[in-house]
Amino acid sequence: MVTEEKAGDENRMLRYKIRVLIKHPNIDPARITGVLGLNPSVTATAGGARKTPTGRLLPGVHKVSAWTHSYTVRGHRHFFSRIEETITKLESHKAFLAEISDGDGVIYLIVDLLGKTNIGDVLSWQAMMRLSALHINLSIEVFPDS
Amino acid sequence: MADYSLVPVDYQPDFPGISLVPVDYDPFDAGGLGSQFRTNLPAAGVESDRTRAGQQYAQYAPRRLGMSPVPPVFLPGTPENDAFVSSTIKAGRAVGNVIGNVLNSDTASRPPAGSRPINETPWSGDHGNIKEAIQVPGNGDVRISPTDEVWSQNPDGSSTNHGPAGTFAGSGQPGGRRGKDRDRQW
């Protein structure tokens, strides 16, 4: 039997991150931000200078444009529910996402599962169809040491 | 001015893009040319080696445009020749290092030898943050080089250097590992 205290500890350990990652040969990341209305955590512009997170310049330039929006969820087990919420937000921009996909861009919806706490969920076939209709690739990765 | 240089050699070296034509006479005694190269010849005692038995002379015909300067000529075994060869090798290495650094620090066919999957390194605890920062999805391979630089594999199979791993961690230090492997040396 699981005590309430232990259940509380496990809930606090439940963490995951949802990431929307868009890569495209040459799009201006600012356009993605403007259209989707989501704040990016990281962007890169094709042909632009490469820098480390601390601002140090790196040799070469970005080969492609990339745009990431992310947020971390704590104390919540059903990570696919957040995926479905994100799908709903993106569905209103279906034409724009199709433009990205048709222009050799790739769209990812990523679940990063953080830590070693047991966590699991089910993605319904309906949700999978919605992802497919938006040409979005679903990615799931475990980071046990994070 | 003739568009060639005269170089005495003890063997037939293989230089790409350069033709070496053995000659059966002492070209340094040819009219006019000898005086041209005497300024590079070593001191007394060495000069006589130019015509020693078995010595070959090669006609070096570089592809040059216009009236570029003739390269220096030194006899093998002389201090001048050793210095010239040494400086040439150093210059070649310097150029190679520059090219190598550019390739290794931007895009290369693979990460440097000794690179490890990030989850096998002390940077495993920063794996998620690094992956977000370099904007790769779940199937992206991320490695750490022996000099603690972050490398990722591109869809075309090439690899990109994203700079020092420490710049991706707030403290600049590895986030460490958990579980039984935490203290394992990598």
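Above this text is the structure in question.
Worth saying up front: this structure is predicted, and the values here are computed from it rather than measured.

## Section: the overall build of chain A
If you tally the helices and strands in chain A, you get five helices and seven strands. The helix and strand sequence of chain A, counted from the amino end, reads α-β-α-β-β-β-β-α-α-β-α-β. Burial analysis of chain A (146 residues in total) assigns 40% to the buried set. A separation of at least 24 residues holds for 79% of the contacts in chain A among residues at least 6 apart in sequence. For chain A, the accessible surface area stands at approximately 7,800 Å², while carbon and sulfur atoms represent 54% of it.

## Focus: the sheet that holds strand E2 (residues 42-44) of chain A
All names here are of chain A. Ordered by their spatial adjacency, five strands build an open sheet running E2-E5-E1-E6-E7, and the pairing between neighbours is mixed. For this open sheet the edge positions go to E2 and strand E7 (136-143), each flanked by a neighbour on one side alone. Neighbour-to-neighbour, the strand axes of the sheet open up by a mean angle of 15°, direction not taken into account. Here strand E1 (residues 15-24) pairs with strand E6 (residues 106-114) via nine bridges, running antiparallel.

## Quick notes on the layout of surface pockets
The probe, sized like a water molecule, is rolled over the atoms to show the empty space still left. Taken as a whole, the largest pocket spans an internal volume of roughly 1,000 Å³. Lining the largest pocket are 41 residues, with Lys23(A), Val64(A), Ile134(B), Gln135(B) and His162(B) sitting closest to its centre. Of all elements in the fold, only E1, E2, strand E3 (49-51), strand E4 (57-61) and E6 of chain A together with strand E7 (149-153) and strand E8 (159-164) of chain B reach the threshold of two or more residues within the lining of the largest pocket.

## What about the sheet that holds strand E4 (residues 107-108) of chain B?
Residue and element names in this part refer to chain B. Here five strands make up an open sheet; going across it, the order is E4-E8-E7-E6-E5 and the pairing antiparallel. Pairing within the sheet leaves two strands with one partner each, and these edge strands are E4 and strand E5 (116-117). Relative to E8, E7 is paired through four bridges, and the arrangement is antiparallel. What sits directly across from Trp151, in E8, is Asn161.

Conventions adopted
Residues numbered from 1 in each chain as written. Chains lettered and ligands numbered in written order. Predicted model: local features only at pLDDT ≥ 70, side-chain atom pairs only at ≥ 80, totals over all residues. Heavy atoms only, no water. Helix = DSSP H or I, 4+ residues; strand = E, 2+ residues; numbered from the N terminus. Buried < 20%, exposed > 50% of the residue type's maximum accessible area, 1.4 Å probe, protein only. Contact = heavy atoms within 4.5 Å. Areas by Shrake-Rupley, 256 points an atom, 1.4 Å probe, with all protein chains shown as cover. Pairing = 2+ DSSP bridges. Axes fitted to C-alpha atoms, helices over the stretch in contact; angles between N-to-C directions. 1 Å grid on protein atoms, 1.4 Å probe; cavity = no way out; pocket = protein on both sides within 12 Å on 5 of 7 lines; lining within 4 Å. Points joined across faces, edges and corners; volume = space filled by probe spheres on them.

Keep in mind these values describe shape, not function.
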